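# Fold and geometry: a report
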Amino acid sequence: PSRDADADMKYMGEIAAIYVAPGHWHNGIGTKLCEEAVNAARKDGYAKLNLWVLTSNAPAQKFYKRLGFVKDGAEKTMDFGGKSLQEARYRLSLSRAGSAHV
């Protein structure tokens, strides 16, 4: 379930983290991991799936957009080793046409 305070946890799942080593990018690994997460969320009865992406990580934002995730306007600041990092939330409707390839 989503950890976000504004999420209906009964209907909102979350991808907490997916990382692929740069040397393995563009081999379909990240897409396959997302496909598995989407399939698991659907199986568990979630209607939507969310994830957070660093606003400075343009390649990840592009990747998730390509899979059908949409930036929903929510942002937050996370502390990482004394550094403040901005994150943006993306969501995917699991019943939406066009998202079947994820």
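Here, the structure is the one placed above.
The rules behind each value
- Residues numbered from 1 in each chain as written.
- Predicted model: local features only at pLDDT ≥ 70, side-chain atom pairs only at ≥ 80, totals over all residues.
- Heavy atoms only, no water.
- Phe/Tyr/Trp six-rings, centres within 6.5 Å; stacked < 30°, edge-to-face > 60°.
- Buried < 20%, exposed > 50% of the residue type's maximum accessible area, 1.4 Å probe, protein only.
- Lys NZ or Arg CZ within 6 Å of the ring centre and 35° of its normal.
- Helix = DSSP H or I, 4+ residues; strand = E, 2+ residues; numbered from the N terminus.
- Core = buried A, V, L, I, M, F, W, Y, C linked by side-chain atoms within 4.5 Å.
- Contact = heavy atoms within 4.5 Å.
- Axes fitted to C-alpha atoms, helices over the stretch in contact; angles between N-to-C directions.
- Parallel < 35°, antiparallel > 145°, perpendicular 65-115°, else oblique.
- Left-handed = near helix turned anticlockwise from the far one by under 90°.
- Nonpolar A, V, L, I, M, F, W, Y, C, P; charged D, E, K, R; others polar.

## Describing the packing of aromatic side chains
This model, assessed by the stated rule, comprises 2 aromatic pairs. Considering the side-chain rings of Phe-63 and Tyr-64, the 5.1 Å spacing of their centres and the 70° angle between planes classify their relative orientation as edge-to-face. Tyr-64 gets classed as buried once you look at its relative accessible area, which sits at 7%. A ring pair is formed by Tyr-64 and Phe-69, whose centres lie 5.7 Å apart and whose planes are at 75°; its orientation type is edge-to-face. The residues Tyr-64 and Phe-69 share a single accessibility class, namely buried. The rings of Phe-63, Tyr-64 and Phe-69 are connected pair by pair, giving a single aromatic cluster. The ring of Trp-52 carries Lys-76 above its face, with NZ or CZ at 4.3 Å from the centroid.

## Considering unusual backbone geometry
Backbone geometry places His-26, a non-glycine residue, at a positive phi of 65°. Assignment of secondary structure puts His-26 in the loop between strand S1 (12-14) and helix H1 (29-43). A relative accessible area of 79% means that His-26 is categorised as exposed.

## Some words on the nonpolar core
Grouped together as the largest cluster of nonpolar side chains are 18 residues, with contacts concentrated most on Leu-49, Leu-51, Tyr-64, Phe-69 and Leu-94. Only H1, strand S2 (48-54), helix H2 (58-66) and strand S4 (83-93) provide two or more residues apiece to this core. When sequence neighbours within four positions are dropped, the list of residues in contact with Phe-69 reads Ile-15, Leu-49, Leu-51, Tyr-64, Tyr-90, Arg-91 and Leu-92.

## Considerations on the packing of H1 against H2
The interhelical angle for the contact between H1 and H2, taken along N-to-C directions, is 50°, at an axis separation of 11 Å. Our classification of the angle between H1 and H2 gives oblique. The handedness of the crossing between H1 and H2 comes out as right-handed. Between H1, through Gly-30, Thr-31 and Cys-34, and H2, the contact on the second element is made entirely by Phe-63, Tyr-64 and Arg-66. Among the residues making up the contact of H1 with H2, the classes are represented as 3 nonpolar, 2 polar and 1 charged.

Note that all results are geometric; they support no functional claim without further evidence.
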